Amino acid sequence: MDQEIEKRNKQSSREKEESEQEKFVYDGSLDYKGKVPVRASTGVWIASLFVLTIEFSERVSFFGIAANLISYLTKVMREDLKTAAKNVNYWTGTTTLMPLIGGFLADAYTGRFPMVLFSSLVYLMGLSLLTMSQYIPSLKPCNAKTCLQPRKLHQVVFFLSLYCISFGTGGYKPCLESFGADQFDEDHIEERKKKMSFFNWWNFALCFALLLGATVIVYVQDFVSWGAACLILTILMALCIIAFYVGKQFYRYRRPQGNTLKPILQVLVAAIRKRKLSCPSNSDLLYEVPKSDNSQGRLLSNTSNLRFLDKAAIIENTQIDQKKNPWRLTTVTRVEETKLILNIIPIWLTSLTTGICVAQGSTLFVKQAASMNLKFSDSFTIPPASVSSAEAIGTIIFVPIYDKIIVPTMRKITGNERGISILRRISIGLTFSVIVMIVAALVEAKRLRMHEQEMLRTGETGEKTMKLMSVFWLVPQCFLLGFGDAFSLVGLQEYFYDQVPDSMRSLGMALYLSVIGVGSFLSSFLIIIVDHVTEKNGKSWFGKDINSSRLDKFYWMLAIINALNLCAYIYIAKRYTYKSVKRTGNEMNDCERDGVEMMT
């Protein structure tokens, strides 16, 4: 009888706990009043829609400027192809590297919501300055319709506004995506599945922004004026900042965790100090805080890789009754977080070729388009920068197919909650990168042959020859680039959010952006090296204009680099161990859901 009563009491207590878990969100987040969030009225898709709105406006602005920037630099600023391509890559690289600083500051000190608001205002200031450079007479490029040489003051203000936008993106971009993902509770099964879809639909929205920026905004720039386009972007950003602030009551917030790099340094120091000790065979003997102590957040399970670092969690005899010194004794969770950061480095390095391929889409692909037949009909001409819209359309088509068809099907086949593991998804994207460069090389070789034949027929040279090849020949490589992005870029977003320590998620998104940023710098570096080497051997692959260049050879080189990189990535990914979170009840941890290895 007593056992029956005790059983009923336990069942009643369990039901009460489950009811409490269902009503409130106990994942360390807070509502706008600083209280535990109510699950029904905060977070999930209602909050994410506000986040997506302001991200959409920022991406329309960025893509609207980036897609046509090389045309502005060559036509208005009068820069040659090499200089313009390098300047675009420098700006894109800076824009995507600045988030490393903003992400660290948000995680450690400010929190994500305040950082997004501050950075949005800085971004708006950059757009306003860009608009002023097109309307204020003394700041305009020149007084004539076509500038032979733009004013120095305009050049200064123009680049100042661009790098002001870069500075704003530094705090805005890493925090906004991680803030959106924070709206889903990972310890709630349904919300965790929705979070996996969040990254797909996030990229879907970004591609709509790219499509709008590369078509409507670019069309206004080419056929109305850059000033009108900048004014539209400024007004759109201002309205979306207001909408984002209005939605603050629906958000779930997380407190900043202090210096997130310090615990990693403590683990390294403690492990070095105990380097002569032997790791126990039973990981339960290593030091960890009780599960009831929430000060450290989610606890991680011990993994078998990088065993040397486990020594930082060995309890020495002198530490049993003494106050624990974090520079000599750290928890298993801190050790595992350090392992996560070290494991990320080779994945990050082998992902950089993705950034190099993305850089071609906004630079050399655009110049290719400008040298081709852009007529859609007798009355409508396609802006060269709009060729990147094909990339966005490719991703827009593929993301819903992936999320609604491929993922549910693969879940049934593999038993993996994600359908396809994160690293396998990235590997498919890297394979697409190889194919994209091969197709781009073949198309460019054909374009050059047609141009040479036209030169022989007419006796004309350079830009004067008739543009015979249609711009639609570039659509396949842009479509393939979009399909690849649906795997590689979305996979990298999910990877750098999921596989970093919970306290470093803004910095994790900054690491994802740095893949594109460093890739842009590497693209510029490759152009410089290739130009220097090929010029010594006769004729440079990068001439004064697109028709005197040999971009087909450059693309073949990128295809080979991507193929070699893919082999290195697969080798590393096979030995990768996913984050292993200790969960309550019978839930599987992250490691069990994804599999310890990727390609088994």
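The structure we're discussing is the one just above.
Residues numbered from 1 in each chain as written. Predicted model: local features only at pLDDT ≥ 70, side-chain atom pairs only at ≥ 80, totals over all residues. Heavy atoms only, no water.

## Details of the overall build of the chain
- Per the secondary structure count, the chain includes 18 helices and 0 strands.
- Here the chain holds 600 residues, and the buried ones make up 56% of them.
- For the chain, restricting intrachain contacts to residue pairs at least 6 apart in sequence, the fraction spanning at least 24 positions comes to 81%.
- Roughly 26,400 Å² of accessible area belongs to the chain as shown, and the carbon and sulfur atoms make up 62% of that amount. (Helix = DSSP H or I, 4+ residues; strand = E, 2+ residues; numbered from the N terminus. Buried < 20%, exposed > 50% of the residue type's maximum accessible area, 1.4 Å probe, protein only. Contact = heavy atoms within 4.5 Å. Areas by Shrake-Rupley, 256 points an atom, 1.4 Å probe, with all protein chains shown as cover.)

## Quick notes on the packing of aromatic side chains
- Enumeration according to the criterion identifies 38 aromatic pairs in this entry.
- Relative to phenylalanine 179, the ring of phenylalanine 113 has its centre 6.0 Å away and its plane inclined at 40 degrees; by these criteria the two rings are tilted. Placement of the pair is phenylalanine 113 in helix H5 (residues 112-135) and phenylalanine 179 in helix H6 (residues 152-181), with a sequence separation of 66 residues. Judged on exposure class, the residue phenylalanine 113 and its partner phenylalanine 179 are both buried.
- Consider the rings of tyrosine 219 and phenylalanine 223, whose centres lie 4.7 Å apart with planes at 40 degrees: the pair is tilted. A residue pair is termed a helical-turn pair when its members lie 3 or 4 positions apart in one helix, as tyrosine 219 and phenylalanine 223 do in helix H7 (residues 189-223) at 4 residues. (Phe/Tyr/Trp six-rings, centres within 6.5 Å; stacked < 30°, edge-to-face > 60°.)

## Side note on the packing of H5 against helix H8 (residues 226-246)
- Close contact between H5 and H8 brings their axes to 9 Å; oriented N to C, the two are set at 160 degrees. When the interaxial angle is binned, H5 and H8 end up roughly antiparallel. Between H5 and H8 lies a crossing of left-handed hand.
- Taken together, the residues that form the contact of H5 with H8 break down as 19 nonpolar, 6 polar and no charged. (Axes fitted to C-alpha atoms, helices over the stretch in contact; angles between N-to-C directions. Parallel < 35°, antiparallel > 145°, perpendicular 65-115°, else oblique. Left-handed = near helix turned anticlockwise from the far one by under 90°. Nonpolar A, V, L, I, M, F, W, Y, C, P; charged D, E, K, R; others polar.)

## Details of the environment of leucine 81
- When you line up the elements, leucine 81 lands in helix H3 (residues 81-97).
- Separated by 461 residues in the primary sequence, leucine 81 and phenylalanine 542 place their C-alpha atoms 7.9 Å from one another.
- Setting aside its immediate chain neighbours within four residues, leucine 81 contacts Ile70, Lys367, Gly543, Lys544, Asp545, Ile546 and Ser549.

## Quick word on H8
- Look at H8: 31 Å from first C-alpha to last across 21 residues, which is about the 30 Å you get at 1.5 Å a residue.
- Burial in H8 covers these residues: Trp226, Gly227, Ala228, Ala229, Cys230, Leu233, Thr234, Met237, Cys240, Ile241 and Phe244.
- Buried residues in H8 make contact with helix H2 (44-75), H5, H6 and H7. (Expected span 1.5 Å × (residues − 1).)

## Quick word on the packing of H2 against H7
- The interhelical angle for the contact between H2 and H7, taken along N-to-C directions, is 35 degrees, at an axis separation of 7 Å. Where H2 crosses over H7, the two elements pack in a sense that is right-handed.
- Among the residues making up the contact of H2 with H7, the classes are represented as 21 nonpolar, 6 polar and 5 charged.

## Re the environment of threonine 260
- Summarising the element assignment, threonine 260 is placed in the loop between H8 and helix H9 (262-273).
- For threonine 260, a relative accessible area of 4% corresponds to the buried category.
- Linking threonine 260 and leucine 105, residues 155 residues apart in sequence, is a C-alpha distance of 9.5 Å.
- Dropping the residues within four chain positions of it, threonine 260 is found in contact with Phe104, Asp107, Ala108, Ser503 and Met504.

## Considering the nonpolar core
- Counting residues in each nonpolar core, the largest one holds 134 residues, and the members touching the most others are Phe244, Leu423, Tyr495, Phe554 and Tyr555.
- When neighbours within four sequence positions are excluded, tyrosine 555 is seen to be in contact with Leu364, Phe365, Gln368, Met437, Ala440, Ala441 and Glu444.
- Listed in part, the 10 residues of the second largest apolar core include Ala271, Leu286, Ala312 and Ile314. (Core = buried A, V, L, I, M, F, W, Y, C linked by side-chain atoms within 4.5 Å.)

## Some thoughts on helix H11 (residues 352-361)
- Of all 10 residues in H11, 9 are buried, a share of seventy percent or more.
- For H11, the set of buried residues is Leu352, Thr353, Thr354, Gly355, Ile356, Cys357, Ala359, Gln360 and Gly361.

## Some thoughts on the pattern of salt bridges
- For the coordinates displayed, the defined rule picks out 19 salt bridges.
- Measuring nitrogen to oxygen at the nearest pair gives 3.3 Å for the salt bridge that ties aspartate 185 to arginine 39. Of the two residues, aspartate 185 is situated in the loop between H6 and H7 and arginine 39 in the loop between helix H1 (2-23) and H2; the sequence distance between them amounts to 146 residues.
- Under the relative-accessibility criterion, aspartate 185 is labelled buried at 3%.
- Put simply, glutamate 337 and arginine 334 hold a salt bridge, and the shortest N to O gap is 3.0 Å. On the criterion of helical spacing, the pair formed by glutamate 337 and arginine 334 is a turn pair, its members being 3 residues apart in helix H10 (residues 332-350).
- Owing to a relative accessible area of 10%, glutamate 337 belongs among the buried residues under this scheme.
- By relative accessible area, arginine 334 is classed as partly exposed at 23%.
- Through salt bridges that share partners, Arg39, Asp185, Glu191 and Arg252 make up one connected network. (Salt bridge = Lys/Arg side-chain N within 4 Å of Asp/Glu carboxyl O.)

None of the figures reported here should be taken as evidence of function without further support.
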